[in-house]
Number of protein chains: 2
Amino acid sequence: MEGGFARESDGARTPRPNLGTNQSGMRDYNERLVLSLLRQHGSLAKTEIARMTGLSAQTVSVIMRGLEADALLVRGSPQRGKVGQPSIPMSLNPDGAFFLGLKIGRRSSELALIDFRGTIRRMRQHSYAYPTPEETIRFVTEDLAEVAESADRRTWERVAGLGIAMPFELWNWADAAGAPPGAMDGWRHTDIRAAFAERCPFPVYLQNDATSACGAELVFGNPPTRDDFIYFYLGAFVGGGIALGGRLFTGRTGNAGALGSIPVPGPDGRTRQLIDVASISVLEKAIVARGEDATHLWTSPDDWGELGDDLERWMEGAAQGLAHAILAASAVIDFQAAVIDGWLPLSVRGEVVARTARHLATLDSEGLRLPAVREGTVGRHARALGGASLPLAERFLVGAQSAI
Amino acid sequence: MEGGFARESDGARTPRPNLGTNQSGMRDYNERLVLSLLRQHGSLAKTEIARMTGLSAQTVSVIMRGLEADALLVRGSPQRGKVGQPSIPMSLNPDGAFFLGLKIGRRSSELALIDFRGTIRRMRQHSYAYPTPEETIRFVTEDLAEVAESADRRTWERVAGLGIAMPFELWNWADAAGAPPGAMDGWRHTDIRAAFAERCPFPVYLQNDATSACGAELVFGNPPTRDDFIYFYLGAFVGGGIALGGRLFTGRTGNAGALGSIPVPGPDGRTRQLIDVASISVLEKAIVARGEDATHLWTSPDDWGELGDDLERWMEGAAQGLAHAILAASAVIDFQAAVIDGWLPLSVRGEVVARTARHLATLDSEGLRLPAVREGTVGRHARALGGASLPLAERFLVGAQSAI
DNA sequence: AATAAATAAATAAACATGATTTATCTATTG
DNA sequence: CAATAGATAAATCATGTTTATTTATTTATT
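The shown structure was predicted, so the numbers you read here are calculated from the model rather than taken from an experiment.

About the criteria used
- Residues numbered from 1 in each chain as written.
- Chains lettered and ligands numbered in written order.
- Predicted model: local features only at pLDDT ≥ 70, side-chain atom pairs only at ≥ 80, totals over all residues.
- Heavy atoms only, no water.
- Helix = DSSP H or I, 4+ residues; strand = E, 2+ residues; numbered from the N terminus.
- Rg over C-alpha atoms; globule rule 2.2 N^0.38 Å.
- Buried < 20%, exposed > 50% of the residue type's maximum accessible area, 1.4 Å probe, protein only.
- Contact = heavy atoms within 4.5 Å.
- Near = heavy atom within 4 Å.
- Polar contact = N/O pair within 3.5 Å; in protein donor to acceptor, adjacent residues only side chain to side chain.
- Nonpolar A, V, L, I, M, F, W, Y, C, P; charged D, E, K, R; others polar.
- Patch = residues over 30% accessible without salt bridge, like charges linked within 9 Å, V, L, I, M, F, W, Y side chains within 5 Å.
- Areas by Shrake-Rupley, 256 points an atom, 1.4 Å probe, with all protein chains shown as cover.
- Salt bridge = Lys/Arg side-chain N within 4 Å of Asp/Glu carboxyl O.
- Lys, Arg positive; Asp, Glu negative; His and termini not counted.
- Charge placed at Lys NZ, Arg CZ, Asp CG, Glu CD.
- Pairing = 2+ DSSP bridges.
- Axes fitted to C-alpha atoms, helices over the stretch in contact; angles between N-to-C directions.
- Parallel < 35°, antiparallel > 145°, perpendicular 65-115°, else oblique.
- Left-handed = near helix turned anticlockwise from the far one by under 90°.
- Least-squares fit on C-alpha atoms with pLDDT ≥ 70 in both.
- Phe/Tyr/Trp six-rings, centres within 6.5 Å; stacked < 30°, edge-to-face > 60°.
- Lys NZ or Arg CZ within 6 Å of the ring centre and 35° of its normal.
- Core = buried A, V, L, I, M, F, W, Y, C linked by side-chain atoms within 4.5 Å.

Student: Would you mind going over the overall build of chain A with me for this structure?
Tutor: The helix and strand inventory of chain A stands at 15 helices and 17 strands. At 22 Å, chain A has a C-alpha radius of gyration in line with the 22 Å of a compact globule built from 404 residues. A principal-axis box enclosing the C-alpha atoms of chain A has dimensions of 70 × 50 × 45 Å. Expressed as a percentage of the 404 residues in chain A, the buried residues total 56%. The contacts of chain A with a sequence gap of at least 6 include a subset with a gap of at least 24, amounting to 66%.

Student: I keep staring at the protein's contact with DNA strand D and nothing clicks. Help me out?
Tutor: For DNA strand D, the set of nearby residues contains 31 residues, the closest of which are Arg-27, Arg-80 and Gln-85 of chain A together with Gln-23 and Ser-61 of chain B. Within 4 Å of the protein, atoms of DNA strand D come from sugar and phosphate in 70% of cases. Taking Ser-56 of chain A, its main chain carries an N or O atom lying 3.1 Å from a phosphate oxygen of DNA strand D. Ile-88 of chain B places a polar main-chain atom, nitrogen or oxygen, 3.1 Å from a phosphate oxygen of DNA strand D. The set of elements that each furnish at least two residues to the surface near DNA strand D consists of helix H1 (23-41) and helix H3 (57-69) of chain A together with helix H2 (46-53) and helix H3 (57-69) of chain B. At five residues, H1 of chain A tops the list of elements feeding residues into the surface near DNA strand D. Taken together, the residues of the surface near DNA strand D break down into seven nonpolar, 18 polar and six charged.

Student: Is there a simple way to explain the protein's contact with DNA strand C in this structure?
Tutor: In the vicinity of DNA strand C, 31 residues are found, and the nearest of them are Gln-23 and Ser-61 of chain A together with Arg-27, Arg-80 and Gln-85 of chain B. One nitrogen or oxygen atom from the side chain of Arg-65 of chain A is found 2.9 Å from a phosphate oxygen belonging to DNA strand C. The separation between a base oxygen of DNA strand C and a polar side-chain atom of Gln-23 of chain B is 3.3 Å. Listing elements by their share of the surface near DNA strand C, those giving two or more residues are helix H2 (46-53) and H3 of chain A together with helix H1 (23-41) and H3 of chain B. By residue number, the principal contributor to the surface near DNA strand C is H1 of chain B, which donates five residues. The residue makeup of the surface near DNA strand C, split by class, is seven nonpolar, 18 polar and six charged.

Student: Where do I start with a negative patch on the surface in this structure?
Tutor: A grouping of Glu-169 and Asp-276 of chain A together with Asp-364 and Glu-366 of chain B is seen on the molecular surface, where their side chains present a negatively charged patch. As for its position among the elements, Glu-366 of chain B is in the loop between helix H13 (346-362) and strand S17 (372-375).

Student: Before we go on, may I ask you to explain unusual backbone geometry in this structure?
Tutor: Peptide bonds are mostly trans, and most non-glycine residues show a negative phi. In this structure, Pro-223 of chain A follows Asn-222 of chain A across a cis peptide bond, with omega equal to 5 degrees. With respect to the helices and strands, the residue Pro-223 of chain A is situated in the loop between helix H9 (209-220) and strand S11 (229-234). The residue Ala-71 of chain B is not glycine, and still its phi comes out positive at about 65 degrees. Counting through the fold element by element, Ala-71 of chain B comes out in the loop between H3 and strand S4 (73-75). A relative accessible area of 22% means that Ala-71 of chain B is categorised as partly exposed. A positive phi angle is found at Glu-169 of chain B, which is not glycine, with a value near 50 degrees. Structurally, Glu-169 of chain B can be placed in the loop between strand S9 (159-166) and helix H6 (186-189).

Student: Whenever I open this one, the pairing of strand S12 (residues 238-244) of chain B confuses me. Can you help?
Tutor: Remember that side chains alternate between the two faces of the sheet whenever the strand is regular. All names here are of chain B. Summarising burial for S12: seven of the seven residues are buried, a large majority. Where burial is concerned, the two faces of S12 agree: the one with Val-238, Gly-240, Ile-242 and Leu-244 and the one with Gly-239, Gly-241 and Ala-243 are both buried. With six bridges connecting them, strand S11 (residues 229-234) and S12 associate as antiparallel partners. Within the sheet, the bridge partner assigned to Ile-230 lies in S12 and is Ile-242. Between S11 and S12, which pair antiparallel one after the other, the connecting turn spans three residues. Where S12 meets strand S13 (residues 247-249), three bridges bridge the pair, whose relative direction is antiparallel.

Student: Honestly, the packing of helix H10 (residues 280-289) of chain B against helix H12 (residues 308-332) of chain B in this entry has me stumped. Any pointers?
Tutor: When two helices pack together, their arrangement is given by the angle between their axes and by how far apart the axes lie. Residues and elements named next belong to chain B. One way to put it is that H10 packs onto H12 with a least axis distance of 10 Å and a crossing angle of 150 degrees. With respect to each other, H10 and H12 are oriented roughly antiparallel. Regarding H10 and H12, the two cross each other, and that crossing is right-handed. From H10, Ile-280, Val-282, Leu-283, Ala-286 and Ile-287 reach across to H12, where they touch Asp-310, Leu-311 and Trp-314. Class assignment of the residues belonging to the contact of H10 with H12 gives a composition of seven nonpolar, no polar and one charged.

Student: What am I meant to see in the relation of the copies chain A and chain B here?
Tutor: One copy of the chain maps onto the second through a rotation around an axis plus a translation along that axis. Of the transformation placing chain A onto chain B, the axial shift is 0.0 Å and the rotation is 180 degrees, giving an RMSD of 0.1 Å. Such a combination of turn and shift is consistent with a two-fold rotation axis. Most of the interface of chain A is mirrored in chain B, where 98% of its interface residues are also at the interface.

Student: What exactly am I supposed to notice about the packing of aromatic side chains here?
Tutor: Describing an aromatic ring pair means giving the distance of the ring centres and the angle of the ring planes. All names here are of chain A. Enumeration according to the criterion identifies ten aromatic pairs over all chains in this entry. With centroids separated by 5.0 Å and ring planes inclined at 65 degrees, the aromatic side chains of Phe-116 and Phe-396 adopt a geometry described as edge-to-face. Of this pair, Phe-116 sits in the loop between strand S7 (108-115) and strand S8 (120-127) while Phe-396 sits in helix H15 (residues 382-396); the two residues are 280 residues apart in sequence, bridging distant segments of the chain. Both residues of the pair, Phe-116 and Phe-396, count as buried. These aromatic residues form a ring-pair network of at least three members: Phe-99, Phe-116 and Phe-396. Positioned above the aromatic ring of Phe-116, the side-chain terminus of Arg-39 is 5.1 Å from the ring centre.

Student: What am I meant to see in the sheet that holds strand S6 (residues 98-104) of chain B here?
Tutor: Across a sheet, paired strands are connected by hydrogen bonds in the backbone, their directions being either parallel or antiparallel. All names here are of chain B. A sheet is described by the order of its strands in space; here five strands give the open sequence S8-S7-S6-S9-S10, paired in mixed fashion. Edge positions in the open sheet fall to strand S8 (120-127) and strand S10 (204-208), since each of these has one partner strand only. Within the sheet, the average angular offset between the axes of one strand and its neighbour, ignoring direction, is 15 degrees. Sheet analysis places S9 next to S10, joined by five bridges and oriented parallel. Among the inter-strand pairings, Ala-165 is bridged to a residue of S10, identified as Gln-207. Running at roughly 155 degrees to S10, helix H7 (residues 192-199) makes contact with S6, S9 and S10 of the sheet. On the sheet, helix H14 (residues 382-396) packs against S6, strand S7 (108-115), S8, S9 and S10 and is oriented at approximately 140 degrees with respect to S6.

Student: Which parts of the structure should I look at to understand the sheet that holds S4 of chain B?
Tutor: Residues and elements named next belong to chain B. Spatially, the three strands line up as an open sheet ordered S3-S5-S4, and their pairing is antiparallel. In this open sheet, the two strands that pair with only one neighbour each are strand S3 (43-44) and S4. As paired elements, S3 and strand S5 (residues 90-92) share two bridges and run antiparallel to each other. Across the sheet, Ser-43 pairs through a bridge with Ser-91, a residue of S5.

Student: Which parts of the structure should I look at to understand the nonpolar core?
Tutor: Here is a general trend for soluble globular proteins: nonpolar side chains tend to be buried in one another's company. Counting residues in each nonpolar core, the largest one holds 126 residues, and the members touching the most others are Leu-274, Trp-304 and Trp-314 of chain A together with Leu-274, Trp-304 and Trp-314 of chain B. Among residues more than four places away in sequence, those in contact with Trp-304 of chain B are Ile-280, Leu-283, His-296, Leu-297, Leu-311, Trp-314, Trp-343, Leu-344, Pro-345 and Val-348 of chain B.

Below you can see the structure in the form of structure tokens.
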């Protein structure tokens, strides 16, 4: 069991460690447990859930009938062929709840509406030279109004929350984004979460973009993993996230998995940060330095075309950096897997993963058990989906918050 | 709430994730919560506990009367001076339970008996050229018999468990320990936990020595901290541990906090492991290379005397390595503190901590919030005390196991 | 083919446990 | 003596467990 949380009126969570537990906490936990198991396994009969949880068949029966009455579960067709009464597989009702995920990036924003099973029902993109809070609020508000109109009333009423995935201190990137100095200062003084919370009837959450992407891998990853894993998202800048015990670990200050800042040895032996070797912006810079255009890196992530030596050098540098970062992180936490995803063509992602694994094997890992290096299974839209995973985890999964 | 655990007959824990919760789990959790709060705060009135936990006064009253009846709590003298009925401060009964901690090291073993408040009641040391399982079992068994005889019957009956703190793969250190080749191979095939579990009427736990020391800092540290912290223990070899959410985090494989293996840049810029720069054995080697005797490093940890340049160089290298390790770890988890302790004179520990903080401040920490670097508060015997903390945490504190 | 036995899923009813609510008592200060 | 705060007993409520029963199916037997 864990301490409870006091929910503030605006939907933000204030952790209250050391909170006692009562019966409602018990039922709430067991309900979340059932839903988590169904998310992991697809569909399960009540008895199977009873066996897995150690709860009595009767308790599971009561809980699951309740969830079915709330339209969170649907019953499948009876499974015959085995001795005894046929079992009825229960699974998550896709229409049981909906979640909104908003990713705010340097060049574009994405707003996704997903259903209870994680299927994308709607996705809108919005491109710009650089983002401002006013512009973002306008675009999202408009789009939400459109959703509210186009989707049927029931869907809109079943939206359980909005999660915003956004880099920390966006205003510091004005330079890199090519924005006029001060143009992005609005972000410094805008509480974007509060701004949306005011406009929305459901709770709104805010999380670092790469950490959110990690959450997407955790909740929607296929196959789902209960492993502790470290996650890298290669975007314009590289970022990361941490999953421990089947939960997104965001840390006391929310800055856990700040893997862009992890020190790695550069090609010259001097120490630099991972962000300076593995970010796609590094590749962009190299291309631009050659006098060529690099905008297709952002606009056509399905196929980057021929990039020749630039790509080769970037992949090699990124892989070396990632390998070193994974090594160092493995000394801190014994991750079972390192997952790499990003805003890049599948072929490039595959190659980066392969090279990272190769480099990792050459490093001195005495005393460590190295994690398996794997490709992400969510893909490019992991950040927006991760945003949507925040209200989902918060409301329907066990122990959404840190460690605990 | 968290999943439950199936207890095996021998006292070992097999984690069963995804276990449901029932009323006994609820009471168990609330009892542990009360005990944890009392450990943190020294003494608290029932109403104060009720306020802190959010439980009703009546519930806390019932729980605490039960704990008092079990002799785990004692009532202090009524506090007058405020309006209303005087409050009765309740605190942990020192004689409520006892715990045994065994540290097995390269040169010596320690067996400690501590009471419910963490006070050392008895401590035996045993030195040797190198350790063997048979020898260790013999010495501990004899000493336990002595404890059983000397202490009163009630004390012995209230021993809640034995925790063993021991380096991983002890046999690999035969060389460094100066043992004849193969002399320590016995460890490879001995399940030392099982061996003691057979001989003891209470549960026996085994944990890496540095991780155990981290547990001692967590449970007995003064002032106690609920911070997430990273912990280094400088012994013959440096090791580490991780505390998250007020719990010792040991990881899925038990190898979390393997900080000796974290890569750091050496003075020449080449990457090496922290264990190769910050271990006391590095200092020993330097002294021996000069043809001098270094045994007092192990035998008189209160005062190393004059070591001049050797000590200077070692402290500098260790501090640089530690600073880099803390930096890298901070990118993975946003620790609030980095705690350094070890088998060394207080003056040396203080100097290492000061230098580490100084070096840390010079490193590139963009995007990170660096933890405060602090001295350990438990001191040299942290490993043996940490061993004793294992059964304590397991039985009396909330969520002893990993994350979650 | 008909029938009985075995098996497994599901659930109703009675019960046990533990937290909450309400009311009351107690010891203190002002 | 009024006000206040700690403490707890009794009644109540929520939730999980146990026990017994119902239902639907397969498998073995006649």
